[in-house]
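Spelled out from the first residue to the last, the chains are:
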Amino acid sequence: PKQPAAPPPDSGSLAGLRAEEAACTRCPLFSEATQVVPGEGPPDAPLMLVGEQPGDQEDLAGRPFVGPAGQLLDDIMVQAGIDRRRVFLTNAVKHFKYTLKGRHRLHQSPNGSEISACQWWLRQEIDLVKPRLLVALGASAAESLTGSRDGILKRRGQIEDGPEGLPVFLTVHPSFLLRLPDPVAREMETERFRDDLAAAREHLE
Ligand code: URA
């Protein structure tokens, strides 16, 4: 009888997953994006932070959280005592969704079907890394990880059940802070976000 084909050499690894993600056509977003942006970080990270989707700069770089929201997240992680090198950073959706305004690519939030199509990849990242805690940054990540679309501002700071019964700590997205026009409100919300990340870190201790 014919032997089953050997699995590809990187199957079951993050490198293998990246190669599969690069060929993804599970939703239409692949066709307009430059490239897929897979999650990044140590394969045994205890903490996984999940954003919404790559932005303009992430789409060009092929790496998560390298643009303005990522720089703010980096700063606040340092203040919260979280070492980025020990964190797996990823997104609910792996391709950039945008509309063109002149020459600018304006971010558009992914819809429910794009989020659910991309759960296929996020779940495999979670299965491979097996973090002890997931942090949902904003509503799209919360929807992907908990299945609930209830408002994130009411749920932030709390832990809910995620995939495989893993705890999901809910908080806002760093872009939310960047969009607040009032500097005083932005300062207050930034402090709250830092407190949320510190609480998430303490949860691991
Ligand atoms: N916003 C996200 O949610 N993810 C990124 O990777 C960058 C910005």
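The structure presented is a predicted model; accordingly, all values stated were derived computationally and were not measured.

**Some remarks on the overall build of the protein**
Reasoning step 1: Summing up its helical and strand segments, the protein has 8 helices and 7 strands in all.
Reasoning step 2: Here the C-alpha coordinates of the protein stretch approximately 70 × 50 × 30 Å along the principal axes.
Reasoning step 3: Within the span of the protein, comprising 205 residues, buried residues form 47% of the whole.
Reasoning step 4: Of the contacts made within the protein by residues no fewer than 6 positions apart, 72% connect residues no fewer than 24 positions apart.
Reasoning step 5: If you sum the accessible surface of the protein, you get close to 10,700 Å²; carbon and sulfur atoms cover 52% of it.

**Quick notes on the packing of aromatic side chains**
Reasoning step 1: Tallying each qualifying case throughout the model produces 2 aromatic pairs.
Reasoning step 2: A ring pair is formed by tryptophan 120 and tryptophan 121, whose centres lie 6.3 Å apart and whose planes are at 80 degrees; its orientation type is edge-to-face.
Reasoning step 3: The ring of tyrosine 98 carries arginine 105 above its face, with NZ or CZ at 4.9 Å from the centroid.

**Considering the site of the ligand**
Reasoning step 1: Gly51, Glu52, Gln53, Pro54, Gly55, Glu58, Pro64, Phe65, Asn91 and His173 make up every residue found near the ligand.
Reasoning step 2: With respect to the ligand, the side chain of asparagine 91 contributes an N or O atom lying 2.7 Å from a nitrogen atom.
Reasoning step 3: Of the residues contributing to the shell around the ligand, the split by class is 3 nonpolar, 5 polar and 2 charged.

**So, the sheet that holds strand S1 (residues 47-51)**
Reasoning step 1: Overall, mixed pairing links the 5 strands, which are arranged S2-S1-S5-S7-S6 in an open sheet. Strands at the two margins of the open sheet, each flanked by one partner only, are strand S2 (87-91) and strand S6 (159-161). Strand-to-strand twist across the sheet, computed as the mean angle between neighbouring axes with direction ignored, equals 30 degrees.
Reasoning step 2: Bridge count between strand S5 (residues 133-137) and strand S7 (residues 167-171): 4 bridges; the pairing is parallel. Paired with valine 135 across the strands is phenylalanine 169, a residue of S7.
Reasoning step 3: Sheet strands in contact with helix H5 (residues 139-146) are S1, S5, S6 and S7, and its direction is about 140 degrees off that of S5.

**A closer look at the pairing of S7**
Reasoning step 1: The element S7 is largely enclosed, with a buried count of 5 among its 5 residues.
Reasoning step 2: With burial as the criterion, each face of S7 is covered, one bearing Pro167, Phe169 and Thr171 and the other bearing Val168 and Leu170.
Reasoning step 3: Both S6 and S7 contribute to a ladder of 3 bridges, which runs antiparallel. Its bridge partner lying in S7, aspartate 161 is registered against proline 167.

Definitions and limits used
Residues numbered from 1 in each chain as written. Predicted model: local features only at pLDDT ≥ 70, side-chain atom pairs only at ≥ 80, totals over all residues. Heavy atoms only, no water. Helix = DSSP H or I, 4+ residues; strand = E, 2+ residues; numbered from the N terminus. Buried < 20%, exposed > 50% of the residue type's maximum accessible area, 1.4 Å probe, protein only. Contact = heavy atoms within 4.5 Å. Areas by Shrake-Rupley, 256 points an atom, 1.4 Å probe, with all protein chains shown as cover. Phe/Tyr/Trp six-rings, centres within 6.5 Å; stacked < 30°, edge-to-face > 60°. Lys NZ or Arg CZ within 6 Å of the ring centre and 35° of its normal. Near = heavy atom within 4 Å. Polar contact = N/O pair within 3.5 Å; in protein donor to acceptor, adjacent residues only side chain to side chain. Nonpolar A, V, L, I, M, F, W, Y, C, P; charged D, E, K, R; others polar. Pairing = 2+ DSSP bridges. Axes fitted to C-alpha atoms, helices over the stretch in contact; angles between N-to-C directions.

Remember, this is a structural readout, not a statement about activity or role.
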